[in-house]
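Here is how the chains run, residue by residue.
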Amino acid sequence: MPIVAGVILTTLAASSRLKPQLRWLYRIVGGTIVIVGSNFSLYLAAYTGDQGGIGAFFLQMAVIVAYVLFSVLLVAIH
């Protein structure tokens, strides 16, 4: 979770350059991707044993990729 939180905090300041509607969308959807994905990943790691830990790792990678693609899409729209 710290890696994903670091990614969103790093890009949050740059989001102020987006148009107000896109900034709102970025903060709501981006935050949802990060929080829900990270919490589900933490659940997998904590409660499902070794295979869940491996699944949590790959889910974290998917969350990061989804967040980056979402950010690139918003920049392209802007």
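Parameters and conventions
Residues numbered from 1 in each chain as written. Predicted model: local features only at pLDDT ≥ 70, side-chain atom pairs only at ≥ 80, totals over all residues. Heavy atoms only, no water. Phe/Tyr/Trp six-rings, centres within 6.5 Å; stacked < 30°, edge-to-face > 60°. Helix = DSSP H or I, 4+ residues; strand = E, 2+ residues; numbered from the N terminus. Buried < 20%, exposed > 50% of the residue type's maximum accessible area, 1.4 Å probe, protein only. Core = buried A, V, L, I, M, F, W, Y, C linked by side-chain atoms within 4.5 Å. Expected span 1.5 Å × (residues − 1). Polar contact = N/O pair within 3.5 Å; in protein donor to acceptor, adjacent residues only side chain to side chain. pLDDT = per-residue confidence, 0-100. Patch = residues over 30% accessible without salt bridge, like charges linked within 9 Å, V, L, I, M, F, W, Y side chains within 5 Å. Areas by Shrake-Rupley, 256 points an atom, 1.4 Å probe, with all protein chains shown as cover. Salt bridge = Lys/Arg side-chain N within 4 Å of Asp/Glu carboxyl O.

Draft legend 1. Expanded view of the packing of aromatic side chains. Applying the stated rule across the entire model yields three aromatic pairs. Look at F40 and Y43: their rings are 6.2 Å apart centre to centre, the planes differ by 25 degrees, and that puts the pair in the stacked class. On the criterion of helical spacing, the pair formed by F40 and Y43 is a turn pair, its members being three residues apart in helix α2 (residues 20–47). Here F40 falls in the partly exposed class, since its relative accessible area comes to 45%.

Draft legend 2. Representation of the nonpolar core in the model. Of all hydrophobic cores here, the largest spans seven residues; its members are L18, L22, Y26, V34, Y67, F70 and L74. Looking at this core, the elements with two or more residues in it are α2 and α3 (49–77).

Draft legend 3. A look at α3. Taking 1.5 Å as the rise per residue, α3 with 29 residues should run 42 Å; its terminal C-alpha atoms sit 41 Å apart, in good agreement. Those residues of α3 lying buried are G52, A56, Q60, V63, I64, Y67, F70, S71 and L74.

Draft legend 4. Geometry of α2. Its 28 residues place the ends of α2 40 Å apart at the C-alpha level, agreeing with the 40 Å of an ideal helix rising 1.5 Å per residue. Regarding α2, the residues found buried are L22, Y26, G30, G31, V34, G37, S38, S41 and L44. At the C-terminal side of α2, G49 shows a positive phi close to 80 degrees.

Draft legend 5. Geometry of the environment of S38. Examined against the element boundaries, S38 turns out to sit in helix α2. Given a relative accessible area of 4%, S38 falls into the buried group. At 2.8 Å, the side chain of S38 forms a polar contact with the backbone oxygen of V34.

Draft legend 6. The confidence of the model for the protein, seen in detail. Taken residue by residue, the protein gives an average pLDDT of 79. The fraction at 70 or more is 81%. Of all secondary-structure elements in the protein, the lowest mean pLDDT belongs to helix α1 (residues 2–12), at 63, while α3 reaches the highest, 84.

Draft legend 7. Examining a nonpolar patch on the surface more closely. Nonpolar side chains collect at one region of the surface, where I54, F57, F58 and M61 lie side by side and expose about 400 Å² of accessible area between them. By the secondary structure assignment, I54 is in helix α3.

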